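These are the residues of each chain, in order.
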Amino acid sequence: MSRIIDDITGSDLNRLKQLFSPAKVNEGASVALSGVFDTFHRDFSVGSARGENLQLTPRDIRQIRKVIKEQSGFDLLTDSIPYSRTDMAQFFPNEKLSSRPVKDKVIKIYGILSTNINGKSYDLQEGMNIEVALSHLTSIEHSQVVIVENYEAFSKFRLVQTDIGPNPLIVYRGDKDTGVISKEIALAFPDVELIAWFDTDPKGISLALSSGATYMLLPNLSTDTLKEHGRSELFADQYQNWNRVSKLIPSKLESIMSELEKGITQESIMANQIAVRLHQI
């Protein structure tokens, strides 16, 4: 008999685990005759082949459980599929079967007045932030969370003139190296008021609208201010996004940006002390 666990895949393990619902354990099941089930049928005489399917009796399912448990120690009936590679390696030679990446997403956060997470409060000096694995962020004791696109704007958010509450939690959105976490925050903490702050250009507005936030921060601009501090390339290079997002921002801002065909970065907003205001998405 073969050591079936040497070649088992993550997909195989999930298919095997699905056999162990009460109905299938008691009544049997029909599965596609492929992958791990083809190996069980060929090497262990499990099940009856019927065309492209394999018919499994309750006895066959018990046999599958027995083989996997004898070869790995993993009980398909009672054990949950391990989440980490370390836990997976206790049972299977291929620890990469785990669905969790080796490097969890690490996020950078801080509160304007205090940082209140996981039931604790931290007082951080200006310029400091906390790095925490997203999976370890279990609670947020802030009524507002601001997702910030660019790192410099994130680190200097205390300088921003805004109409949000006094102690929001500021979160760096992340990049291709650390992983973008906007939607994960929205899904994990649905009761928190999530605010997106991105560059005020067609792409930035588009990202904010799709971030999962319920509000976005937009600058209170005059024509003269955007004319002086805006950048034409931010608009010209991203024009394909403008028709889609322009009607979803305040009409005054849409009119000024359309007239001048300019966008403005977060860094320029801060450097020139331009106020930003909440806008419901």
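Residues numbered from 1 in each chain as written. Predicted model: local features only at pLDDT ≥ 70, side-chain atom pairs only at ≥ 80, totals over all residues. Heavy atoms only, no water.

(A) Structural context of the overall build of the protein chain. Summing up its helical and strand segments, the protein chain has 13 helices and 12 strands in all. In the protein chain, which comprises 281 residues, the proportion classed as buried is 45%. (Helix = DSSP H or I, 4+ residues; strand = E, 2+ residues; numbered from the N terminus. Buried < 20%, exposed > 50% of the residue type's maximum accessible area, 1.4 Å probe, protein only.)

(B) Focus on the packing of helix α1 (residues 10-17) against helix α3 (residues 35-44). Contact geometry for α1 and α3: axes closest at 8 Å, N-to-C directions at 70°. With respect to α3, the element α1 is oriented roughly perpendicular. Facing Asp-12, Arg-15 and Leu-16 of α1, the residues of α3 in contact are Gly-35, Val-36, Phe-37 and Phe-40. Along the lines of polarity and charge, the residues of the contact of α1 with α3 split into 4 nonpolar, 1 polar and 2 charged. (Axes fitted to C-alpha atoms, helices over the stretch in contact; angles between N-to-C directions. Parallel < 35°, antiparallel > 145°, perpendicular 65-115°, else oblique. Contact = heavy atoms within 4.5 Å. Nonpolar A, V, L, I, M, F, W, Y, C, P; charged D, E, K, R; others polar.)

(C) How the structure looks around the nonpolar core. Counting 54 residues, the largest nonpolar core has Ile-109, Val-145, Val-146, Phe-157, Ile-185 and Trp-197 as its most contacted members. Setting aside residues up to four positions removed in sequence, Val-146 forms contacts with Phe-157, Ile-164, Pro-168, Leu-169, Ile-170, Val-171, Ile-195, Trp-197 and Leu-217. Ranked by size, the runner-up nonpolar core spans 23 residues in total, among them Ile-4, Ile-8, Leu-13 and Leu-56. (Core = buried A, V, L, I, M, F, W, Y, C linked by side-chain atoms within 4.5 Å.)

(D) Region of the structure containing the packing of aromatic side chains. Inspection of every chain in the model, using the stated rule, returns 7 aromatic pairs. Between Phe-154 and Tyr-172 the ring centres are 5.8 Å apart and the planes differ by 40°, which places this aromatic pair in the tilted class. Of the two residues, Phe-154 is situated in helix α6 (residues 151-155) and Tyr-172 in strand β9 (residues 169-172); the sequence distance between them amounts to 18 residues. Both residues of the pair, Phe-154 and Tyr-172, belong to the buried class. (Phe/Tyr/Trp six-rings, centres within 6.5 Å; stacked < 30°, edge-to-face > 60°.)

(E) Here's a closer look at the pairing of strand β11 (residues 215-219). Burial runs high along β11: 4 of the 5 residues are buried. Sheet topology note: the strand β10 (residues 193-197)/β11 ladder contains 2 bridges and is parallel. Considered in β11, the bridge of Ile-195 is made with Tyr-215. Crossover β10 to β11 through helix α8 (residues 202-209) is right-handed. (Pairing = 2+ DSSP bridges. Right-handed = clockwise from strand over helix to strand, strands pointing away.)

(F) How the structure looks around the sheet that holds strand β4 (residues 106-111). A sheet is described by the order of its strands in space; here 7 strands give the open sequence β7-β4-β9-β8-β10-β11-β12, paired in mixed fashion. The sheet terminates laterally at β7 (130-133) and β12 (276-280), the two strands that pair on one side only. Sheet twist, expressed as the average angle between the axes of neighbouring strands with direction ignored, equals 30°. The pairing of β11 with β12 spans 5 bridges and is antiparallel. Bridge pairing in β12 links Leu-217 to Leu-278.

(G) Inspection of the pattern of salt bridges at higher detail. Evaluated as defined, the whole model comprises 8 salt bridges. For Asp-38, the salt bridge identified is with Arg-42, shortest N-O distance 2.9 Å. Taken as a pair, Asp-38 and Arg-42 lie in helix α3 at a separation of 4 residues, close to a single helical turn. On the accessibility criterion, Asp-38 (28% relative accessible area) is partly exposed. The salt bridge partner of Lys-69 is Asp-75, with a shortest N-O separation of 3.4 Å. Shared partners join several salt bridges into a network, and the residues in it are Asp-38, Arg-42 and Asp-43. (Salt bridge = Lys/Arg side-chain N within 4 Å of Asp/Glu carboxyl O.)

(H) Expanded view of the environment of Gly-111. For Gly-111, the location among the structural elements is in strand β4. Taking C-alpha positions, Gly-111 is 9.6 Å from Ser-121, a pair spaced 10 residues apart along the chain. In this view, Gly-111 contacts His-142, Arg-158, Asn-167, Pro-168 and Leu-169; residues no more than four positions away in its chain are not counted.

(I) Representation of the sheet that holds strand β1 (residues 29-32) within the structure. Read across the sheet, 3 strands follow the order β1-β3-β2 without closing on themselves; strand pairing throughout is antiparallel. Each of the sheet's edge strands pairs with one partner strand only, and the pair in question is β1 and β2 (48-50). Pairwise comparison of adjacent strand axes, ignoring direction, gives a mean angle of 30° for this sheet. Bridge count between β2 and strand β3 (residues 53-56): 3 bridges; the pairing is antiparallel.

(J) Region of interest: the environment of Asn-116. Within the element layout of this structure, Asn-116 appears in strand β5 (residues 115-117). Residue class for Asn-116 comes out buried when judged on its relative accessible area of 14%. When near neighbours in sequence (up to four residues on either side) are disregarded, Asn-116 contacts Ser-121, Tyr-122, Ile-140, Glu-141, His-142 and Asn-167. For Asn-116, the side chain forms a polar contact with the side chain of Ser-121, separated by 2.8 Å. (Polar contact = N/O pair within 3.5 Å; in protein donor to acceptor, adjacent residues only side chain to side chain.)

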